[in-house]
Amino acid sequence: MEPQKARTRLTAGRVADFACPPGKSQAFLWDTDIPALLLRCTPGGRKTYAFEARLNGDTIRATIGTAAEWSLEAARARAAELKMMVDKGIDPREVQRQQQAERAAAAARAAAHAATVGEAWAVYVQERSPHWGERHRRDNECAMRAGGEPRKRGAGNIAPGLLAEFAGLRLSALTPERVEAWAARQGQERPTQARLALRLLRAFLNWCEAGTYRAALPDANAAKSRRARESLGKAGVKTDALLKEQLPAWFAAVRGTGNATIAAYLQALLLTGARPGELLALRWEDVNTQWRGLSLRDKAESKGGSDGTRTIPLTPYVWHLLAGLPRRGPFVFSGTSGDKPIEPPRRRHNDACAVAGVEHLTLHGLRRSFGSLSEWLELPA
C-alpha cells in the first residue's frame, strides 16, 4: 500500500520553512491545489519542484526546477501543463528527452556551420588516426599545418602544408571553384605533392559528408572536381631502377657512405624488395634467426597475413648485414637515441648514387630494382 503523502497547500512561506528532517536523505511535501506538484528537499537545503503522476499503471516523476529559480505559481502552471499531457497518454519525460535531443542536434548543426576547415580537420585526424598507419597520419597532419616554425634540421622555417590555405575557411566556403583555383596554381609548382593533398582532401570531405559536418558542406564534394584533377595531371609511371651493370659501382658507393646503419639499410632495401617504410619499422623481434625469416608489417592486411604482416626469407648476406649493427633499441635500423629508427636516408643515397654514376634512383627505385633484377636472374614469382 502506498504510504500516506504529506499534503498541504503550498505557500511561499511554507516553501521557505520546509526542511529535511535530521537523519533523512530527502523529504517531500505535496501541494493540495495541484496534487501532481511536490516539493523535494535534501539535507543540504536544496529545494526542487517536481511533478508526479500515474501513467499506464506506473508512477512517473519529472523535475520542474529548483525553488530558487522557479516561483510557486510558475511551478503550479508547469505541473498543470504536465498533467494535461499525462491525461492524453503522453509521457512528459519522453517529450523532455526529445526536446533535449533536438536542442543538442541544433547546437551541433550550428557548431558545424561555424566550424572552419582547420577545426574540422583536427577532429577528423583525431578520430581516424587509430585506423591509419604512421605515414598516412603524418601526411594528414603535414597537409594542414600552418608552418612558420624553425626547422629542427637546417636553416629556415617549416613551410605551410599544401592545404593550409583552406584552414581558415568555413566548410561552406570550400567550393569546387576554390579547389580548382588552388589546383591550377599547385599544378605549375608541385603537382605530385598536390595530387596526394587532393586525395587527402577528398577523403576528409567524404568523412564530413557522413557525419556531423554534412549540413555545412556545399552540395558538391569540392575535391572531386574534374577540372582540379586535370590541372594536376596524372602521375607518371616511375621506372627508376638499377641495371645489373651498375651493381658493383652502387654497392661500392653505398658501403663507402661512412655510416654502417645507412649502408646496411640501403643494401637490405635492394636485396629484400621491401618498401622503405616497412624496412625502417623492422624490429629485432621481427628477425627470426632460427628459421632465417623477416616479418615485415605490410601496408594492408590484404597484402600480408591476417595480422597485417608478411614473412620473407632472411638470406645469408642480409643476415650478415643485420648482425653487424649495434642493438641500441627495439628497431634494427635505429638512430643514435635508440628509441626510433633512422630517418629515410635519401640524401646519403643520392650522394652514393652520384659517386657511382647512377642518376635519378629513389629509395623506392631499389624495390623496383629487386623486381627487375629478379627477372634477370630468372627467379620464379
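Here is a short report on the structure shown in this document.

What counts as what
- Residues numbered from 1 in each chain as written.
- Predicted model: local features only at pLDDT ≥ 70, side-chain atom pairs only at ≥ 80, totals over all residues.
- Heavy atoms only, no water.
- Helix = DSSP H or I, 4+ residues; strand = E, 2+ residues; numbered from the N terminus.
- Contact = heavy atoms within 4.5 Å.
- Expected span 1.5 Å × (residues − 1).
- Buried < 20%, exposed > 50% of the residue type's maximum accessible area, 1.4 Å probe, protein only.
- Arc of directions from axis to C-beta.
- Axes fitted to C-alpha atoms, helices over the stretch in contact; angles between N-to-C directions.
- Parallel < 35°, antiparallel > 145°, perpendicular 65-115°, else oblique.
- Nonpolar A, V, L, I, M, F, W, Y, C, P; charged D, E, K, R; others polar.
- Pairing = 2+ DSSP bridges.
- Right-handed = clockwise from strand over helix to strand, strands pointing away.
- Salt bridge = Lys/Arg side-chain N within 4 Å of Asp/Glu carboxyl O.

A word on the side chain of Glu 52. Within the secondary structure, Glu 52 is located in strand β4 (residues 47–55). Contact partners of Glu 52, with chain neighbours within four places excluded, come to Lys 5, Trp 30, Ala 36, Leu 38, Thr 59, Ile 60 and Arg 61.

Once that is clear, we can look at helix α4 (residues 117–128). When the terminal C-alpha atoms of α4 are compared, their 16 Å separation across 12 residues agrees well with the 16 Å that a helix rising 1.5 Å per residue should span. Taken residue by residue, α4 has Val 117, Ala 120, Trp 121, Tyr 124 and Val 125 as its buried positions. End-on view of α4: buried residues confined to an arc of 140°, all on one side of the axis. Elements in contact with the buried residues of α4: α5 (134–143) and α7 (191–209).

Turning to the packing of α4 against α7, a few remarks are in order. Two measures define how a pair of helices packs: the angle their axes make with one another and the distance between the axes. Viewed as axis vectors pointing N to C, α4 and α7 meet at an angle of 85°, and their least axial separation amounts to 11 Å. By the criterion of interaxial angle, the relationship of α4 to α7 is roughly perpendicular. Together, Val 117, Ala 120, Trp 121, Val 123, Tyr 124, Glu 127 and Arg 128 of α4 and Leu 200, Leu 201, Ala 203, Phe 204 and Trp 207 of α7 make up the contact between the two elements. Here the residues of the contact of α4 with α7 sort into 10 nonpolar, no polar and two charged.

In this section: the pairing of strand β2 (residues 27–31). Of all five residues in β2, four are buried, a share of seventy percent or more. Note: strand β1 (residues 7–8) against β2, two bridges, orientation parallel. Residue pairing in the sheet places Thr 8 in a bridge with Asp 31 of β2. In the classification by handedness, the crossover that spans β1, the intervening helix α1 (residues 12–17) and the parallel β2 is right-handed. Sheet analysis places β2 next to strand β3 (residues 37–41), joined by four bridges and oriented antiparallel. Residue pairing across strands places Trp 30 opposite Leu 38, the latter belonging to β3.

Let's shift gears to α7. Because each turn of an α-helix spans 3.6 residues, side chains separated by three or four positions end up pointing in the same direction. Counted at 1.5 Å a residue, the expected span for α7 with its 19 residues is 27 Å, and the 26 Å between its end C-alpha atoms agrees. In this structure, the buried side of α7 is in contact with α4, α5, α6 (176–189) and α8 (226–232).

Right, let's talk about the pattern of salt bridges for a bit. Applying the stated rule across the entire model yields 21 salt bridges. In this structure, Arg 61 and Glu 52 form a salt bridge, with 2.4 Å as the shortest nitrogen-oxygen distance. The closest approach of N and O atoms between Arg 97 and Glu 94, which form a salt bridge, is 2.3 Å. You can see Arg 97 and its partner Glu 94 sitting in helix α3 (residues 92–114), three residues apart, about one turn around the helix. Taking relative accessible area as the criterion, Arg 97 reaches 43% and is therefore assigned partly exposed.

The next thing to look at is the side chain of Gln 267. For Gln 267, the position within the fold is in helix α10 (residues 260–272). Exposure remark for Gln 267: the relative accessible area of 2% places this residue in the buried category.

It is the contact of α6 with α7, at a shortest axis distance of 7 Å, that shows an interaxial angle of 150°. Here α6 lies roughly antiparallel to α7, going by the angle between them. Contacts between α6 and α7 involve Val 179, Trp 182, Gln 186, Gly 187 and Glu 189 on the former and, on the latter, Pro 191, Ala 194, Ala 197, Leu 198 and Leu 201. For the contact of α6 with α7, a count of residues per class yields seven nonpolar, two polar and one charged.

Turning our attention to the sheet that holds strand β6 (residues 287–288). Spatial strand order, β6-β7-β8: three strands in an open sheet with antiparallel pairing. Taken across any chain shown, the strands that pair with only one partner, and hence form the sheet edges, are β6 and β8 (309–313). Sheet analysis places β6 next to strand β7 (residues 293–297), joined by two bridges and oriented antiparallel. Each bridged residue has a counterpart across the sheet, and for Val 287 the counterpart in β7 is Leu 294.

Now for the environment of Lys 340. Note that Lys 340 resides in the loop between α12 (316–323) and α13 (346–356). Between the C-alpha atoms of Lys 340 and Gly 324, which are 16 residues apart in sequence, the distance is 18 Å. If we ignore the near neighbours within four places in the chain, the residues touching Lys 340 are Phe 331, Ser 334 and Gly 335.

It is worth spelling out unusual backbone geometry at this point. One non-glycine residue, Arg 292, lies in positive phi territory at about 55°. Of note, Arg 292 is situated in the loop between β6 and β7. A positive phi is found at His 360, a non-glycine position, where the angle reads about 55°. Following the sequence through the fold, His 360 ends up in the loop between α13 and α14 (363–376). For His 360, a relative accessible area of 71% puts it in the exposed group.

Limitation: the analysis is restricted to geometry and does not speak to function.
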